[in-house]
Amino acid sequence: MALSGKEEAAIIKEISEKFEAVSQIKKHLLDGEGKHEAYRKLEALVNKFGARFSGTQALEDAITHVSDLMKLEGIDVTLEKAQVKHWVRGEENAQLVSPIKVDIKISGLGSSVATPNDSPLEADIVVVRNFEELKNLGTANVSDKIVVYNQEWVKEHKYPIDSYIETVAYRNRGASEAAKLGAVGALIRSVTPFSLGTVHTGWQSYEEGVPKIPAACITIEDAEMLQSMYTNGKNPRVSMFMGAQTFPDKDSFNIVAEIKGTEKVDEIVMIGGHIDSWDICQGAMDDGGAVAISWEVLSILTQLQLKPKRTLRAVFFTGEETNLNGATAYYNAHKNEAANYSIMFESDDGTFTPTGIRFTGSGKAKAILEIIGGTYLKNLKGIDASRVFNSASISDIEDWQSLNVPTGSLSNVYEGERYFWYHHSPADKMSIQDPDDMDLCTVVWAIYAFILADMNDKLPR
């Protein structure tokens, strides 16, 4: 449902009255003391702690580091306990042993078991493009073999995140589907549209009641090499070794930081992302950038003494990469507050040149967001960051949609396929971040967060 003419006029008037505050925010971030501060925060985080994987001391030290610095800035911070998975990769390697000898780069998938008896696993392989091909091979042709999935990146979707969601099924359940037919191991083509010999990891899940077999990702190049050999009857044979171990869950913490509302303290606008990363990368893009820009929003509002009517909350989730552990803990602790949220924003698609936001919610709420964007973000240093696209791209706050809470995410140019060039790979480092782009993302984040927290009414549902 669209806004009525009277409603639209009133909203335009109210949003226009935020001009002075918005001007201060833009000036501070683009030309003042806040320029490149989000980048510096991110750089300090990833250079000091590196990979921040669930169950590691590096993650907990990073959580302490960020929360302590926010407290020094005068921001209210609470650490909320969450249990996270503790999986350790260990040593891993693989080789093509026949018809020629070639090293194969692998990255074990989270939750994978080790190869049996602390020894290499050597077996003939079968290569399939999809689950249907695997099923058609049957147990007789798969039993005691290593299954190689050479699935292609699905290109039919409008948004690359939807291509990822479809393609990632092979990483998520490929091992169990292979094990059902007697396979002894699984190697999955990295879930990415592009590769220069990069291997991309991720979490996988074993189906209950199905034997657990070791599972790892390989590069696109190696998957295609094995496909060619297999298709041409070369009977390729592979040796793989994985020393992975799973330990009991460990205590970790979500960071919950706030600027308390001046009038409607129990009502909340939330921004955030996840502070953990995979163990093979710095996690600058995924998802340190979101932590940095969300932190900077609270920093600048505190410095400028801009206090909105309702509470502005930043949440930095722990354990996202290990099956949304922190998100589940936050949801269970706060779901009784669902009616109090005006909107929840999450950034987990990179902090590159912004194009606007993506949104899931009512038509009236979207119209209000479009007015905010059109008023203040149409020409942001020559960039149009005013657009409001349908369907928020979220993971940590997805459960809140079932409670009818409006949700949003940051949209940017790398949200296209290029984001997945680096995703879950050793290439996710500071080198792909740009300080000017991060300033623009922070402006977008700050303007939406501040205005929505300072409006008279919550977003309509």
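The rules we used
Residues numbered from 1 in each chain as written. Predicted model: local features only at pLDDT ≥ 70, side-chain atom pairs only at ≥ 80, totals over all residues. Heavy atoms only, no water. Pairing = 2+ DSSP bridges. Helix = DSSP H or I, 4+ residues; strand = E, 2+ residues; numbered from the N terminus. Axes fitted to C-alpha atoms, helices over the stretch in contact; angles between N-to-C directions. Contact = heavy atoms within 4.5 Å. Buried < 20%, exposed > 50% of the residue type's maximum accessible area, 1.4 Å probe, protein only. Right-handed = clockwise from strand over helix to strand, strands pointing away. Parallel < 35°, antiparallel > 145°, perpendicular 65-115°, else oblique. Left-handed = near helix turned anticlockwise from the far one by under 90°.

Asker: Now, about the sheet that holds strand β2 (residues 92-98): what can you tell me, with residues and values included?
Answerer: The strand order across the open sheet formed by eight strands is β3-β2-β9-β5-β6-β7-β8-β4, and the pairing between neighbours is mixed. Whereas interior strands pair on both sides, the edge strands pair on one side only; in this sheet they are β3 (102-104) and β4 (106-108). Across the sheet, the mean angle from the axis of one strand to that of its neighbour is 30°, orientation sign disregarded. Packed on one face of the sheet, helix α5 (residues 131-142) meets β5 (121-128) and β6 (146-149) and runs near 140° to β5.

Asker: Would you mind going over the pairing of strand β11 (residues 264-274) in detail, with residue names and values included?
Answerer: Across the eleven residues that make up β11, a large majority, eight, are buried. Looking at chain direction, β11 and strand β12 (residues 310-317) are connected through eight bridges and run parallel. Of the residues in β12, the one forming a bridge with K264 is R310. In terms of handedness, the path from β11 via helix α9 (residues 284-303) over to β12 forms a crossover that is right-handed.

Asker: Got a sec to walk through the packing of helix α3 (residues 37-49) against α9? Specific residues and values, please.
Answerer: Relative to each other, α3 and α9 sit at 130°, their axes nearing to 8 Å. Here α3 lies oblique to α9, going by the angle between them. As for the relative orientation of α3 and α9, their crossing is right-handed in sense. Within the contact between the two elements, α3 uses E37, A38, K41, L42 and V46 and α9 uses A284, G288, G289, A292, I293, W295, E296 and S299.

Asker: Describe in detail the sheet that holds strand β16 (residues 407-412), supporting the description with residues and values.
Answerer: Pairing between sheet strands relies on hydrogen bonds along the backbone, with the strands arranged either parallel or antiparallel. The sheet built from eight strands is open, its strands ordered β1-β10-β12-β11-β13-β16-β14-β15 with mixed pairing. Each edge of the open sheet is held by one strand with a lone partner, namely β1 (76-88) and β15 (387-390). On average, adjacent strands in this sheet sit at an angle of 25° to one another, irrespective of strand direction. Bridging between β11 and strand β13 (residues 341-346) involves three bridges; their strand directions are parallel.

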